[in-house]
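Coordinate analysis (summary)
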Amino acid sequence: MDKILEGLVCSDHSVTVKRAIVKRVVEAAEDDATEEQCLSMFTLTTRLFLLGEDAFQKQTGVQVLDAYARCHRTEFEHFFSKDFVLILLQQGFGHLDRKDPAIIDYIHCCLRLLISCPSVLEIFSVIQVEVLRMVCERPEPTLCARLSTLLSDFFQCIPKDKSGVLFCQQLVRTISYFHCFASQDRDLREYVGQVTKVSTLLQNIWKADPATMLSSLQEVFAIISSTDPSFDPSIALASLVQHIPVQMITVLIKSLTTDQNVKDASMTKALCRMIDWLSWPLAQHVDTWVIALLKGLSAVQKFTILIDVTLLKIELVVPHVVPLVQSLRSDGLPSSKALLLQFTELIHCMMYHYSGFPDIYDTILEAIKDLPKPTEEKIKLVLNQSAWTSQSNSFGSGFLRQSGKSETGKTGLINLGNTCFMNSIIQTLFMATDFRHHVLSLHLNGSNSLMKKLQLLFAFLAHTQRAAYAPRNFLEASRPPWFNAGSQQDCSEYLRFLLDRLHEEEKTIHVLESVKPKLASHVDSTRTDPAGQTPPEMGHESPETGPQEERKTLIETMFGGTLLTRIRCLQCHCISEKEEPFTDLSLAFCPSATSRYSSQPERPSEEPKGLYQGSVNGGSEILDPGSSASQVSSVHSVTVTNEPSLTVPDMVNYFLAPEILDEDNAYFCEKCSSLQRAEKTMQVVSAPEYLILTLLRFSYDAKFHVRRKILENVTIPPLMRLPVYSRSKPSESFCPASSSQHLDCPESSENLAKKLKPSQQDEKDERRKTGQGVREDRSVQPALYVLSSVVVHSGVSSESGHYYSYGRNIDGADGSQHPARHSPLNEALQNGQAECNPSNCSALSIPPQQAGSSGQEAKDWLLFNDSRVTFSSFQLVQNITNRFPKDTAYVLMYRKQDLPEESTDGGTAQSMAKVSSEPPLQKELLDAIIKDNKLYLQEQELSARTQALQAPSSSCSFRPNGSDDNNPPGSCGPSGGGGGGGGFNTISRLVF
């Protein structure tokens, strides 16, 4: 019969004829046969079973083997011995590899035929050893699933005792190596089915021997908590969670969270991977375990872990918010509507807690704009229910990750731990085009100055291939001594300190060179630029400058202006004047604006008590008579009003408005030799090339000892006129009885909030009483400024929040970038359409036809949020506080522009301040950048190789559409209008 069968499978007969012959062979199995004939038939059917060329041959082998084994059991027991099984499992059969799933299927089939035979016990013993060896070899899902089916049917083949514990642990680890790269639904369903069979086997083992469960779960945690970067366990481990009794949650979570041997990094990894398990299609109770672990960590106050996990995973959630909202809307089920309302509330809580990311939140706000918005009290209640606090600063390198340079081509700055205050200022200075050009043109070879470090930083920002640069060296060199490392700080205070350091450093060089004129300088004075002109050099007098004693530093040239403070005694009418330089103007909010926020509105004639405008953080909270922070303001808390929005020119005019000094603030007149009422005025007599304005949004409440933020929306004009007065001649000082006395007192140097001023009518009345007025012989020449950068503070108080900045390239040479040079605005100025009081600061609007004439404006502005750099627009800059109430403009930078009637060649300072193109890099800077770019390419190559090596053991991502969403958008991750980080630093939202 074996000859007939062998000839049959190789013949060309029809399938019907073949089946008839097979049926006859099966029936003949009941006939007597010698042992040799039986062994020959078993060998033939085994070959057909394992090596059959098609399904018919394999099916024939199964049928005939089953028939002959049942009729000739003794002979089959002799044929299918433990030695034969050992050969199959260790060597395979013929050309069939030992790891082929067909081997397991064949043994499974034969075991069913021998189940009642005594010899099967010996086979069980062999299989117990071999399956342990097999799982240690990390079989593929297909083979492991077949093996699981075999062991589920024949429990006697499962290793026992210690070997059983080891088998479960190795089987768990085998699951962690499962991977699936299939994109077809059928293949994915097959993969999930295979994983389910393996997890079901473990479930059955745990039920039969509960002692194996704990060790298996320990192995699961050891796998998912591994910090080895070369190993990423599969999410197929999620299939085991559904088999863990829910009653064990409390005990297991308590054991994990209180185990001193479990490091925070390991726990963070484990929790992140458990969150990834939620994507497993058949996951049950995973959410229960994740929530339980979160609560367990919170109970033992391991908030750092919770914060780090949130920052790592929130970026994966944000892109799916809008599709989820749309899905819940279209569902129409009552439960979906309830879930949508709850979800919307949580979204508002997230945006409130992680403020400062408008470019990411805009689409979310649009999707939920017609849904109910919770009140601020409700949001705070939700957030306070499970408040987490931590000193962790991990956001700096977490949320705002970027795999490559953004489409803007600009380079971000890595947050080094609460350093957003520095990053926003550096990007603002970098976008000051003319200042950047001059810094890069300086020849500072061999210098170790702060300016040299700034030059190197600017060079990297301009030319590095990295998506984000880490300014560690510059941070250490430029950090004020009173700034604690890793703590939140005030960006305005940092900017003042930085500019002052750079200014004093260059002045020192000037002094040393004036004392030792023959001393070798830092630069090669013979080196010229491509145009044949000697580039600007620190410590060398340029052709545009005057005598050495009058030379200006680069900071003075770019940011320096002059204020004239005039005080007129209202008794004797003697006038005292004093000029003083400034690099920024700190603008207080007008009382009419701030009073609407005060919990106890004050009478117009009252002077607020106990509240002092100050910096965000780091500055003194005690009044310093000689400082610019000794001004008065009021407490501010909320911002919702229907009154016209305050504008930047309003605040500038308030800063420059006349002030009456009387009562406790009376002026000591030397001519009268007594305290007298006096009028104090301030005028700009020299306009800086870059005008820096700080909006004093933070006030100190001396009663409650807290700092409060003024959330008033301030309209920022793209163009602004600043009144600049001509300098007075000696004869202009007016004093009826004596010569003018120069005042040198703290009040003359105020650069912050002014005290309440009388109305203009009061001033006129006062002048009528005295019968005299101040001679105003000075001419006013308005200076036109165009907005260059805006630093935004996102947060509700000075003790918390985040900084990010908007900026665009504005210089004094490229006419295409100058709104002042566009014909529509020129016509408006020339025709008097933009006329206003020349002694007041005023805003100029760009005509609509100009603003909409080009698509360039859409990409004219950039948003810098630590590592993240994205395109933006002026419309988004202007509307930032309307869209995100906690995000408010804090520091503004305007670039001075030539008025249409002016020539760009007029004035030595202007010609010096304007460089038309990016200067060529000096060799020292170029070498440093080339070296770092090579290092970056090597890092990229190494990363690519590492990923390629990890690919075979990477985890399965169950995506029916086969997409790859492993690279989330955006720092300290989402960023935006507020920006960083990534934005989301610590949960307490400290300024970083």
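Residues numbered from 1 in each chain as written. Predicted model: local features only at pLDDT ≥ 70, side-chain atom pairs only at ≥ 80, totals over all residues. Heavy atoms only, no water.

To keep it simple, the criterion reads: UniProt positions are given in the numbering used here, feature names are shortened, and annotations may be inferred rather than shown by experiment.
Under the annotation held in an unreviewed UniProt entry, the chain carries the name Ubiquitin carboxyl-terminal hydrolase and is attributed to Takifugu rubripes. Under the heading Catalytic activity (unreviewed entry), UniProt records this for the chain: "Thiol-dependent hydrolysis of ester, thioester, amide, peptide and isopeptide bonds formed by the C-terminal Gly of ubiquitin (a 76-residue protein attached to proteins as an intracellular targeting signal)."

Some points on the overall build of the chain
Where we set the bar: Helical segments are the DSSP runs of H or I of at least four residues, strand segments are the runs of E of at least two, and each set is numbered from the N terminus. Burial classification: accessible surface area is computed with a 1.4 Å probe over protein chains only, and a residue below 20% of its type maximum counts as buried, one above 50% as exposed, and the rest as partly exposed. Each accessible area is a Shrake-Rupley estimate made with a 1.4 Å probe; only the visible protein chains count as cover when residues are assessed.
Within the chain one finds 35 helices and 22 strands. Taken across its 992 residues, the chain has 52% of its residues classed as buried. When the accessible surface of the chain is split by element, carbon and sulfur atoms take 52% of a total near 44,900 Å².

Remarks on the sheet that holds strand S8 (residues 659–661)
Selection rule: DSSP calls a pair of strands paired once it identifies at least 2 bridges connecting them. Structural elements are reduced to axes, namely lines fitted to C-alpha atoms, with helices fitted over the stretch in contact, and the angle between N-to-C directions of any two is expressed from 0 to 180 degrees.
Here we have four strands laid out as an open sheet, ordered S4-S3-S11-S8, and antiparallel in their pairing. Every interior strand has two partners, whereas the edge strands, strand S4 (575–582) and S8, have only one. Pairs of neighbouring strands in the sheet enclose a mean axial angle of 30°, with direction left out of account. Bridge count for strand S3 (residues 561–569) against strand S11 (residues 678–686) is eight bridges, and the pairing is antiparallel. Bridge assignment links arginine 568 to a residue of S11, and that residue is glutamate 679.

Things to note about the packing of helix H22 (residues 433–441) against helix H23 (residues 450–463)
This is how the line gets drawn: The cut-offs work like this: below 35 degrees is roughly parallel, past 145 is roughly antiparallel, 65 to 115 is roughly perpendicular, and the gaps in between are oblique. By definition, any crossing whose near helix is turned counterclockwise from its far helix by less than a right angle is left-handed, and any crossing with a clockwise turn is right-handed. Contacts are assigned to residue pairs with any non-hydrogen atoms lying within 4.5 Å of each other. Any residue outside Ala, Val, Leu, Ile, Met, Phe, Trp, Tyr, Cys, Pro, Asp, Glu, Lys and Arg is labelled polar, Gly included; the first ten of those are nonpolar and the last four are charged.
Between H22 and H23, whose axes approach to 9 Å, the crossing angle comes to 115°. Considering their axes alone, H22 and H23 lie roughly perpendicular with respect to each other. For H22 against H23, the interelement crossing comes out left-handed. Along the contact surface, H22 presents Phe435, Arg436, Val439 and Leu440, while H23 presents Met451, Leu454, Gln455, Phe458 and Ala459. Across the contact of H22 with H23, the residue classes break down as seven nonpolar, one polar and one charged.

Points about the nonpolar core
Put simply, the rule is: Among the buried residues, those of types Ala, Val, Leu, Ile, Met, Phe, Trp, Tyr and Cys that are joined through side-chain atoms within 4.5 Å form a nonpolar core.
Counting residues in hydrophobic clusters, the biggest one holds 96 residues, and the most contacted among them are Phe76, Phe80, Tyr106, Leu111, Phe167 and Trp277. Per element, the largest residue contribution to this core is ten residues, and it comes from helix H7 (residues 101–114). Those residues in contact with phenylalanine 167 that lie beyond four places of it in its chain are Val131, Leu132, Val135, Leu151, Ile158, Pro159, Leu201 and Ile205. Counting 65 residues, the second largest nonpolar core, distinct from the first, contains Met350, Ile364, Met682 and Cys841.

Details of helix H11 (residues 185–208)
As a reminder, the rule being used: Any helix carries an expected span of 1.5 Å times its number of residues minus one.
Along its 24 residues, H11 runs 35 Å from first to last C-alpha, staying within 8% of the 34 Å computed at 1.5 Å per residue. Considered for burial, the residues of H11 that qualify are Leu188, Tyr191, Val192, Gln194, Val195, Val198, Ser199, Leu201, Leu202, Gln203, Ile205 and Trp206. Where the residues of H11 are buried, they touch helix H9 (141–153), helix H10 (161–176) and helix H12 (211–224).

Some remarks on unusual backbone geometry
Phi at glutamine 301 takes a positive value of approximately 60°, unusual for a residue other than glycine. Residue position: glutamine 301 is located in the loop between helix H15 (286–299) and helix H16 (303–317). A positive phi angle, near 55°, is found at serine 673, a position not held by glycine. By relative accessible area, serine 673 is classed as exposed at 52%.

With respect to the packing of aromatic side chains
As a reminder, the rule being used: Any two rings among Phe, Tyr and Trp, with Trp reduced to its six-membered ring, count as a pair given centres within 6.5 Å; such a pair is stacked if its planes are under 30 degrees apart, edge-to-face if over 60, and tilted if neither.
A full pass over the atoms with the stated rule returns 26 aromatic pairs. With centroids separated by 5.6 Å and ring planes inclined at 75°, the aromatic side chains of phenylalanine 421 and phenylalanine 483 adopt a geometry described as edge-to-face. With phenylalanine 421 in helix H21 (residues 420–430) and phenylalanine 483 in the loop between helix H24 (472–478) and helix H25 (491–515), this residue pair connects regions lying 62 residues apart in the sequence. For the residue pair phenylalanine 421 and phenylalanine 483, the accessibility class agrees, reading buried in each case. Judged by centre distance (5.9 Å) and plane angle (35°), the ring pair of tryptophan 861 and phenylalanine 874 falls under tilted.

A short note on H21
Counting buried positions along H21 gives eleven out of eleven residues, so the element sits mostly inside the fold. Within H21 the residues assigned to the buried category are Cys420, Phe421, Met422, Asn423, Ser424, Ile425, Ile426, Gln427, Thr428, Leu429 and Phe430.

Topic: the environment of isoleucine 235
Relative to the elements of secondary structure, isoleucine 235 occurs in the loop between H12 and helix H13 (249–258). Relative accessible area serves as the criterion here: at 8%, isoleucine 235 is assigned to the buried category. Note: C-alpha distance between isoleucine 235 and alanine 283 (48 residues apart in sequence) is 10.0 Å.

Regarding the pattern of salt bridges
For clarity, the threshold we go by: A carboxyl oxygen of Asp or Glu within 4 Å of a side-chain nitrogen of Lys or Arg is what we treat as a salt bridge.
With the rule as written, the count across this model stands at 23 salt bridges. Connected through salt bridges with shared partners, the residues Arg98, Glu130, Arg133 and Glu137 form a single ionic network.

A closer look at the pairing of S4
Where S3 lies against S4, eight bridges are found, and the strand directions are antiparallel. Paired with isoleucine 567 across the two strands is serine 576, which belongs to S4. The hairpin formed by S3 and S4 contains five residues between the paired strands, and histidine 573 there has a positive phi angle of roughly 65°.

What to know about the environment of phenylalanine 458
Mapping phenylalanine 458 onto the fold places it in helix H23. On a C-alpha basis, the gap between phenylalanine 458 and leucine 925 in space is 10.0 Å, while along the polypeptide they are 467 residues apart. Residues in contact with phenylalanine 458, not counting those within four places in the same chain, are Ile426, Leu429, Phe430, Phe435, Arg436, Val439 and Leu440.

Things to note about the side chain of serine 199
We count it as follows: Distance and chemistry together define a polar contact, namely a pair of N or O atoms within 3.5 Å, with one atom able to donate a hydrogen and the other to accept it when in protein, and with adjacent residues in sequence counting only for side-chain atoms on both sides.
Tracing the backbone through its elements, the reader meets serine 199 in helix H11. A distance of 2.9 Å separates a polar atom in the side chain of serine 199 from the backbone oxygen of threonine 196.

Structural notes on the side chain of glutamine 455
Inspection of the secondary structure puts glutamine 455 in helix H23. Its relative accessible area of 0% is what places glutamine 455 among the buried residues.

Digging into the confidence of the model for the chain
This is how the line gets drawn: pLDDT expresses, on a scale from 0 to 100, how confident the predictor is about each individual residue.
Per-residue pLDDT for the chain averages 75, and the proportion of residues at 70 or more is 70%. Here residues 390–402 is a poorly scored stretch, pLDDT under 50, and it has 79 contacts once near neighbours within four places are set aside; other chains count. Every residue in residues 848–856 is under pLDDT 50, and counting partners more than four places away or in other chains gives six contacts.

Things to note about the packing of helix H3 (residues 35–51) against H7
Remark: H3 packs on H7, axes separated minimally by 9 Å, with the N-to-C direction vectors making an angle of 140°. By the angle class used here, H3 and H7 are oblique. H7 is crossed by H3, and the crossing has right-handed handedness. Residues Thr46, Phe49 and Leu50 of H3 form the contact with H7, whose participating residues are Ala102, Ile103, Asp105, Tyr106 and Cys109. Taken together, the residues of the contact of H3 with H7 break down into six nonpolar, one polar and one charged.

A look at the pairing of strand S21 (residues 868–872)
Side-chain positions along a regular strand alternate between the two faces of the sheet. Counted residue by residue, S21 has four buried out of five residues, so it is predominantly covered. Taking the residues that link successive antiparallel strands as the turn, the strand S20 (residues 861–865)-S21 hairpin has two residues, and the phi of aspartate 866 there is positive, at about 55°.

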